[in-house]
Amino acid sequence: MAKKIKKKKPQKAKKGRSFKLSKQNKIILGSLLALFSIALFFSFVSFYFNWQDDQSLLTEFQDRNEQAKNLLNKFGATVSHFFIYKGFGIASIALPILLCLTGLYMFLGFGQKGMLKKWIWVLVFTIWLSIALGFFAYEQPLLGGMVGYEMNDFLQDYIGKIGVLLLLLFGLVFILVRLFKFSPEGIGNYFKEKSGSLKPKSKGNASSDLENNTVQLDIDDGPQEVIDTYTHKEDIPPLVVDEPVLENTGAKEGEGLTMQVEKIIEEKEEKDNLADRLVDDFGEFDPTLELGNYKFPSIDLLDSHGDTSGITINQKELELNKNKIVSTLKNYKIGISQVKATIGPTVTLYEIVPEAGVRISKIKNLEDDIALSLAALGIRIIAPIPGKGTIGIEVPNKNATIVSMRSVIASTKFQKAEMALPIAFGKTISNETFVVDLAKMPHLLMAGATGQGKSVGLNAVLTSLLYKKHPAEVKFVLIDPKKVELTLFNKIERHFLAKLPDSEDAIITDNTKVIHTLNSLCIEMDNRYELLKTAFVRNIKEYNVKFKARKLNPNDGHMFLPYIVLVIDEFADLIMTAGKEVETPIARLAQLARAIGIHLIVATQRPSVNVITGIIKANFPARIAFRVTSKIDSRTILDAQGADQLIGRGDMLYTQGNEVTRIQCAFADTPEVERITDFIGSQRAYPEAYLLPEYVGEDSGTAIDNNVSDRDALFRDAAEVIVIAQQGSASLIQRKLKLGYNRAGRIVDQLEAAGIVGPFEGSKARQVLVQDLIALEHLLNNEIQ
């Protein structure tokens, strides 16, 4: 019989000699230690992947703007650096494990009598492992830490490498003997038992073995805190296993027979629909799978342009400008109660609070006088600042700071932007990175005089999207009448560009091809709306979510739809040469294309009313104005003044229909764009550029008769599509062959004349008169003969 375990009565603690935690405090402290150990564990693991990136942040712990890549941010990076790099290396992982074990013991109410022993042994093992790793991986200080490295260096100076190796072996033997009760006899008995288990034993031998065998149960860390020795003969009860009875033991005739019981098969319940089963079997559709190894451009491809030190505050310049503003207003008997300065990269905003009774219009009319007193260009007065009870006076800095594309791309605001088409334009007056979503604009109009930053602004837009989106997610249609601004993007034709099927160059420079491309985009828009209609969704986001979930059948013409961004670098030139032929499709795209993921970016040098017409302005709520020459041009773009008072070189105003924001556009130089396009172009690409639907002018096509020679070039393809689907509709031909509605309708008329489909039947689809492809081939061959 097992010895009864007598519970010891708790002794009263002597006053001033011991400290005992209550049960509630043990639970609190135990949970704290367990959770803290989990935090340490994740920070330690993350350190081995991000220690190089976080090395520079160890001296900038108090800077809230700096973020570490460690899972526990700067705290995790600092603690991991202390324990792993300066401490015991990878052996430090034992610390969170032991902390977690201690916390769980306290939380569950187990005794802590054996915990001190565990802490001592874990510390000994940690030091030994650190020295061992430092010895065998001397060139990798992260494995053994500074403790292992320095201890090896110290010991090898006195006893050499062989001495250190022997010392490590002794330490290993010491740990195995003291901690794991290692002995040579134990190893011998272990191998004897393993070899003996391979031989059959009689019942007598088994009972004799049980009589001679003893088992020692070491329970020094359990709840009872008792160590007992039991013998199998006296103390361990026999093991009884209840097995399921498979045979009828009462029937004597079947004693020699065995019965095989078949496994019970549970039928799985079917899912609600096929899409859910496909997702379970294959997962969601991944549009990026074809270019699964695509690598996004590195931030190192961009230059810093000397902005690493940030904005320098010139206190003398600030005080001088403040005094001149106050004295100028005082000359006109306008008192100021408060002045506040916000320093930006190129402009400083002085917010003033006038005394009671001062008319705002009076300050607004002094714009030229303030500019004269400050001897500065580009003075702009905002009276009042929206959302604030102040008046703003924007004054250019004497020493402007270049805002590099690298700084805005690397910003946290851009990197963590959860947007469909994020664009980082630059930095505001308050030095914040300005990021907007092109998908929500939904179209952008850019205007400004020559040399004021439009092309740089287009580079900022395209660079932002290249850094954030996969080639499967967005395509560009680039129209460059000047023929030199966007040529660098030819290198990424098979990754990101879209073009007409018969076009050699992806970047369009010829006006005739511009007209065809714009009309082709209108066909693409109509086709996409047809897909949205059949999928019962309202926009491209809902459609792609449904397609990824495998709820849309590709055999019905459905496919993943990438966003398409149309960029026109010089719109005024197109209007002068093509006029209505360009304006009409652009106006149609601007009105309708937002929901199906086609977005327009139109830039022009000449923001006059005959170029930026009312139809275009009404559908381009998002507008950017670089410096222009007159207040009339500013009103044409922004419906407000201010663009004529900018200082140029990327200084711009942005509005999306509400307030106007002043931004310093990020600068991406030509060599930077070239490096980005070279990096992307050197990677594996699609077989060809994204092909837009074919556009045939109104003079193309055929007459509605059965003249074989005048039939459409895609007549046979359309006939095969109709016969295979057994559905005579123009919309089916549109989707399958990517044609416009007019051309598809003419092909249907030709199919009717050829006897392939029946006559028009109102809302019903036409009847298909040919049953299969063999009959179709026979019919068409007979016509040729």
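For the structure, see preceding data.
Residues numbered from 1 in each chain as written. Predicted model: local features only at pLDDT ≥ 70, side-chain atom pairs only at ≥ 80, totals over all residues. Heavy atoms only, no water.

Peer 1: Give a description of the sheet that holds strand 3 (residues 336-343) that names residues and reports values.
Peer 2: Two orientations exist for strands paired in a sheet by backbone hydrogen bonds: parallel and antiparallel. In space, the four strands of this open sheet follow the order 3-4-6-5, with antiparallel pairing throughout. The open sheet has two edge strands, strand 3 and strand 5 (380-382), and neither has a second partner. Direction aside, neighbouring strands of the sheet carry axes that sit 20° apart on average. Relative to strand 6 (residues 391-396), strand 5 is paired through three bridges, and the arrangement is antiparallel. In the sheet register, I382 faces strand 6, and the bridge partner there is G392. This element, helix 9 (residues 315-331), spans strand 3, strand 4 (347-354) and strand 6 of the sheet and lies at about 40° to strand 4. (Pairing = 2+ DSSP bridges. Helix = DSSP H or I, 4+ residues; strand = E, 2+ residues; numbered from the N terminus. Axes fitted to C-alpha atoms, helices over the stretch in contact; angles between N-to-C directions. Contact = heavy atoms within 4.5 Å.)

Peer 1: Any chance you could break down unusual backbone geometry for me, citing the residues and the numbers?
Peer 2: A cis amide bond, omega 0°, links M441 with the succeeding residue P442. Within the secondary structure, P442 is located in the loop between strand 8 (433-437) and strand 9 (444-447). At N431, a residue that is not glycine, the phi angle is positive and equals roughly 65°. Inspection of the secondary structure assignment puts N431 in the loop between strand 7 (422-428) and strand 8. Take N431: its relative accessible area is 34%, and that puts it in the partly exposed class. Of note, the phi angle at Q726 is positive, near 55°, even though the residue is not glycine. By the secondary structure assignment, Q726 is in the loop between helix 23 (715-725) and helix 24 (730-737). (Buried < 20%, exposed > 50% of the residue type's maximum accessible area, 1.4 Å probe, protein only.)

Peer 1: Please provide a residue-by-residue account of helix 11 (residues 367-374), values included.
Peer 2: Of the positions making up helix 11, those classed as buried are E367, I370, A371 and L374. Looking straight down helix 11, one finds its buried side chains confined to an arc of 100°; they lie on one side. Residues D368 and L372 are exposed on helix 11 and point more than 90 degrees away from its buried face. (Arc of directions from axis to C-beta.)

Peer 1: So what's going on with the pattern of salt bridges? Which residues, and what values?
Peer 2: One pass over the structure, following the stated rule, counts 24 salt bridges. Residue R380 pairs with E394 through a salt bridge whose shortest N-O separation is 2.9 Å. Of this pair, R380 sits in strand 5 while E394 sits in strand 6; the two residues are 14 residues apart in sequence, bridging distant segments of the chain. E394 sits in the buried class, given a relative accessible area of 2%. Notably, a salt bridge pairs R716 with E777, separated by 3.2 Å at the nearest N-O pair. Of this pair, R716 sits in helix 23 while E777 sits in helix 26 (residues 773-784), and the two are 61 residues apart along the sequence. (Salt bridge = Lys/Arg side-chain N within 4 Å of Asp/Glu carboxyl O.)

Peer 1: Break down a nonpolar patch on the surface for me, with residues and values.
Peer 2: Taken together, the side chains of L35, I38, F41, F42, V45, F49 and L71 present a nonpolar region at the surface, about 720 Å² in accessible area. Tracing the sequence through the fold places F42 in helix 1 (residues 23-54). Overall, the relative accessible area of 43% leaves F42 in the partly exposed class. (Patch = residues over 30% accessible without salt bridge, like charges linked within 9 Å, V, L, I, M, F, W, Y side chains within 5 Å. Areas by Shrake-Rupley, 256 points an atom, 1.4 Å probe, with all protein chains shown as cover.)

Peer 1: Quick one: what's the story with the packing of helix 16 (residues 511-535) against helix 17 (residues 540-548), residue by residue and with numbers?
Peer 2: It is at 10 Å that the axes of helix 16 and helix 17 come closest, and there the two elements cross at 60°. Compared by their axis directions, helix 16 and helix 17 come out oblique. Handedness of the crossing formed by helix 16 with helix 17: left-handed. Across the interface between the two elements, R528, L531, L532 and A535 of helix 16 pack against I540, Y543 and K546 of helix 17. Its residues assigned to classes, the contact of helix 16 with helix 17 shows five nonpolar, no polar and two charged. (Parallel < 35°, antiparallel > 145°, perpendicular 65-115°, else oblique. Left-handed = near helix turned anticlockwise from the far one by under 90°. Nonpolar A, V, L, I, M, F, W, Y, C, P; charged D, E, K, R; others polar.)

Peer 1: Pulling in residues and values, what's your account of empty space enclosed by the protein?
Peer 2: Going through the model one piece at a time under the given rule, you end up with four cavities of 30 Å³ or more. Considering only enclosed or pocket space, the largest cavity measures out at about 90 Å³ in volume. Together, E524, N527, R528, L531, G557, M559, L561, Q734, R735 and K738 line the largest cavity. When contributions to the lining of the largest cavity are tallied by element, the ones reaching two or more residues are helix 16 and helix 24. In terms of residue class, the lining of the largest cavity is built from three nonpolar, three polar and four charged. (1 Å grid on protein atoms, 1.4 Å probe; cavity = no way out; pocket = protein on both sides within 12 Å on 5 of 7 lines; lining within 4 Å. Points joined across faces, edges and corners; volume = space filled by probe spheres on them.)

Peer 1: Quick one: what's the story with the pairing of strand 13 (residues 598-604), residue by residue and with numbers?
Peer 2: Among the seven residues that make up strand 13, seven are buried, leaving the element largely enclosed by the rest of the structure. Across the two faces of strand 13 the burial is the same, with I598, L600, V602 and T604 and H599, I601 and A603 all buried. Sheet topology note: the strand 9/strand 13 ladder contains four bridges and is parallel. Bridge pairing in strand 13 places A447 opposite T604. Summarising the sheet, strand 12 (residues 563-568) and strand 13 pair through five bridges and their orientation is parallel. Note that in strand 13 the partner of I568 across the bridge is V602.

Peer 1: Any chance you could break down the environment of S430 for me, citing the residues and the numbers?
Peer 2: On the secondary structure map, S430 appears in the loop between strand 7 and strand 8. For S430, a relative accessible area of 39% gives the class partly exposed. Taking the C-alpha atoms as reference points, S430 and L349, 81 residues apart in sequence, are found 8.4 Å from one another. A distance of 3.1 Å separates polar atoms of two side chains, one belonging to S430 and the other to T428. (Polar contact = N/O pair within 3.5 Å; in protein donor to acceptor, adjacent residues only side chain to side chain.)

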